[in-house]
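Single-letter residue listing:
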Amino acid sequence: MGQSQQPHIAILGAGIFVKTQYIPRLAEIPNHFVIRAIWSRTEESARSAVEIAQKHFPNVECKWGDVGLEDIIKDSSITGVAVVLAGQTMVDMSLRLLKAGKHVLQEKPAAATVDEAEKALAHYNSLSATLTHQPIWAVAENYRFEPAFIESKKLLSEIGEMMNVQVIVEGSMNSSNPYFASSWRRQFVGGFILDMGVHFVAGLRMLVGCEIASLTSMNSHVDKTLPPPDNISSLFQLENGCSGVFVMVVSSKSPKIIWRVLGLNGVLQVERGNKDGKHGYLVSLHMADGQSKSFFYPFSGVTDELKTFLSDISTANLKKDNSSRIDPRLSFAEGARDVAVLDAMLESGTRQGALVQVKKF
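Quick caveat, the model's predicted, so the values are computed rather than measured. (Residues numbered from 1 in each chain as written. Predicted model: local features only at pLDDT ≥ 70, side-chain atom pairs only at ≥ 80, totals over all residues. Heavy atoms only, no water.)

### Here's the deal with the overall build of the chain
To keep it simple, the criterion reads: Here a helix means four or more residues in a row that DSSP labels H or I, a strand means two or more in a row labelled E, and each is numbered from the N terminus. We compute the radius of gyration from the C-alpha atoms alone; for a globule the expected value is 2.2 Å times N to the 0.38, where N is the number of residues. Each residue is placed in one exposure class: buried if its accessible area under a 1.4 Å probe, protein chains only, is under 20% of its type's maximum, exposed if it is over 50%, and partly exposed if it falls in between. Contact definition: two residues touch when any of their heavy atoms are within 4.5 Å. Using the Shrake-Rupley algorithm and a 1.4 Å probe, accessible areas are obtained, with residue cover drawn only from the displayed protein chains. The charge count includes Lys and Arg as positive and Asp and Glu as negative, but it does not include His or the ends of the chains. Charged groups are reduced to one reference atom each: NZ for lysine, CZ for arginine, CG for aspartic acid, CD for glutamic acid.
Within the chain, the secondary structure is distributed over 10 helices and 15 strands. On C-alpha atoms alone, the chain measures out to a radius of gyration of 21 Å, which is about the 21 Å that the 2.2 N^0.38 rule sets for 361 residues. When its C-alpha atoms are laid out on the principal axes, the chain stretches across 60 × 45 × 40 Å. Burial statistics for the chain: of 361 residues in total, 54% are counted as buried. Across the chain, every contact between residues at least 6 apart in sequence was considered, and the portion connecting residues at least 24 apart equals 70%. Accessible area of the chain: about 15900 Å², with a carbon and sulfur share of 53%. Here the chain holds 36 positive side-chain charges and 37 negative ones, and the gap between their average locations is 2 Å.

### Quick look at helix 9 (residues 301–318)
Basically, it comes down to this: By definition here, a helix of n residues has an expected span of 1.5 Å times n minus one.
With 18 residues, helix 9 ought to run about 26 Å at 1.5 Å a step, and its terminal C-alpha atoms sit 26 Å apart, in line with that. Most of helix 9 is tucked away: 13 of the 18 residues are buried.

### Remarks on the UniProt feature "domain: Gfo/Idh/MocA-like oxidoreductase N-terminal" (unreviewed entry) in the chain
Worth spelling out the cut-off: UniProt positions are given in the numbering used here, feature names are shortened, and annotations may be inferred rather than shown by experiment.
If you check UniProt for "domain: Gfo/Idh/MocA-like oxidoreductase N-terminal" (unreviewed entry), the listed places come out as residues 9–131 in our numbering. In this annotation, residues 9–131 is assigned 49% helix and 20% strand; the end-to-end C-alpha distance for the span is 20 Å.

### Some thoughts on the sheet that holds strand 6 (residues 137–140)
Applied cut-off: Strands are treated as partners if at least two bridges between them are detected by DSSP. Fitted lines through C-alpha atoms serve as axes, helices being fitted only where they are in contact, and the angles separating the N-to-C directions of these axes extend from 0 to 180 degrees.
Within the open sheet, the six strands sit side by side as 3-2-1-4-5-6. Their pairing is parallel. If you trace the sheet from one side to the other, it starts and ends with strand 3 (61–64) and strand 6, each paired once. Strand-to-strand twist across the sheet, computed as the mean angle between neighbouring axes with direction ignored, equals 20 degrees. Bridging between strand 1 (residues 8–12) and strand 2 (residues 34–40) involves five bridges; their strand directions are parallel. When the bridges of strand 2 are listed, His-8 appears paired with Val-34. In the packing of helix 3 (residues 65–74) onto the sheet, the strands contacted are strand 1, strand 2, strand 3 and strand 4 (80–83), and the crossing angle to strand 3 comes to about 125 degrees.

### Brief notes about empty space enclosed by the protein
We apply this condition: Think of a 1 Å grid over just the protein atoms. A cavity is a set of points where a 1.4 Å probe fits yet cannot get out, a pocket is an open set with protein on both sides within 12 Å along at least five of seven lines, and lining residues have an atom within 4 Å of a point. Grid points are joined across faces, edges and corners, and a volume is the space filled by probe spheres set on the points. For this scheme, ten residues count as nonpolar: Ala, Val, Leu, Ile, Met, Phe, Trp, Tyr, Cys and Pro. Four count as charged, namely Asp, Glu, Lys and Arg, and the remainder, Gly too, count as polar.
This model, assessed by the stated rule, comprises one cavity of 30 Å³ or more. Of the volumes computed, that of the largest cavity is approximately 60 Å³. Around the largest cavity, the lining residues are Ile-9, Tyr-22, Leu-26, Val-81, Ala-82, Leu-105, Leu-306, Phe-309 and Leu-310. Per-element accounting of the lining of the largest cavity gives the leading share, three residues, to helix 9. Its residues placed into classes, the lining of the largest cavity shows nine nonpolar, no polar and no charged.

### Structural notes on the sheet that holds strand 9 (residues 231–238)
A sheet is described by the order of its strands in space; here nine strands give the open sequence 14-13-12-11-7-10-9-8-15, paired in mixed fashion. Bordering the open sheet on either side are strand 14 (292–298) and strand 15 (356–357), each of which pairs with just one other strand. In this structure, strand 12 (residues 266–275) lies alongside strand 13 (residues 278–287), joined through 10 bridges in antiparallel fashion. The residue of strand 13 that forms the bridge with Leu-268 is Leu-285.

### Focus on the side chain of Lys-108
Defined as follows: Think of a polar contact as two N or O atoms within 3.5 Å of one another; within protein, one of them needs to be a possible hydrogen donor and the other a possible acceptor, and neighboring residues in sequence only count if both atoms come from side chains.
Along the polypeptide, Lys-108 turns up in the loop between strand 5 (103–107) and helix 5 (114–126). Of note is the side chain of Lys-108, whose polar atom sits 2.9 Å from the backbone oxygen of Asp-195. Excluding residues within four positions of it along the chain, Lys-108 makes contact with Met-90, Val-139, Ala-140, Glu-141, Asp-195, Val-198 and His-199.

### Regarding unusual backbone geometry
In this structure, Pro-109 follows Lys-108 across a cis peptide bond, with omega equal to -5 degrees. Along the chain, Pro-109 turns up in the loop between strand 5 and helix 5. The step from Pro-228 to Pro-229 runs through a cis peptide bond, and the omega angle for that step is -15 degrees. The backbone of Asp-276 sits at a positive phi, close to 50 degrees, despite the residue not being glycine.

Next up, the structure:
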């Protein structure tokens, strides 16, 4: 792809995830785009990220504050923007950029609440009335792009009719984790549960290929160094009638993350782990006849989702009509569905385990 066809992009945000994930992952696929600018609210923060990026992208510009943001919005040659900001401000910022005709890749969670997601979606859909083309609004959920979940889903038919699903998440969000001190996550409704939890819900929904219809949840706050709640125990029912449990502990002394689907003919399990120094997922299939097989898939979801977004916006930029197509795994509605499940769990928890129907998008 020649530089003229490559989309020119900017990144809004200069935090941990931009420095440790976005810049290194984009550096793996440099011929898919041209990175023009990195923006942050403060000059100091923007410069710290630009310094890292310049090792791979020597021409990236440093932008900060209202003036820098306005520069990016007004620059018609920048067609795509990654929004990697505090959860409280992401939706407003995304809508502002979409209104300016920019394609947006917004970090998860899609929104802070179901209400915010609904209003945002209505606002986005109304943009087509004023713009010649509806820009793409993508939500970055790397679990939907992880080979482990894509391949596991294909194995699901082998275990026969689903009987039960278990998702056990024992996280490691303690003071040695770089995100532990993140102030926006602490002021977020649902704290780390929502910010981290959307990943595990995305993995669950992808694996079973079915939506969660209703649930009940008992939540608690035990570790006072973390925002509430820090524990969720939820019982859910899928639209296909199968039930399951979703247990999430934000910080455990012995972290473990596991998705397990029990069928009439076998059991499929996806477990976070590492092999030969690579982090990823161990997928195992145990059949009724005693046969079993296992596979290891290293992480590659962040790179794959970025590649997909860049490819979708390249196609959209070449077409000058209204037919922007987006990989369904990136759609805002898909991200909102993950939020809806956690929103229902948080609501049920505040209502002492009352049964809550999950909002449909």
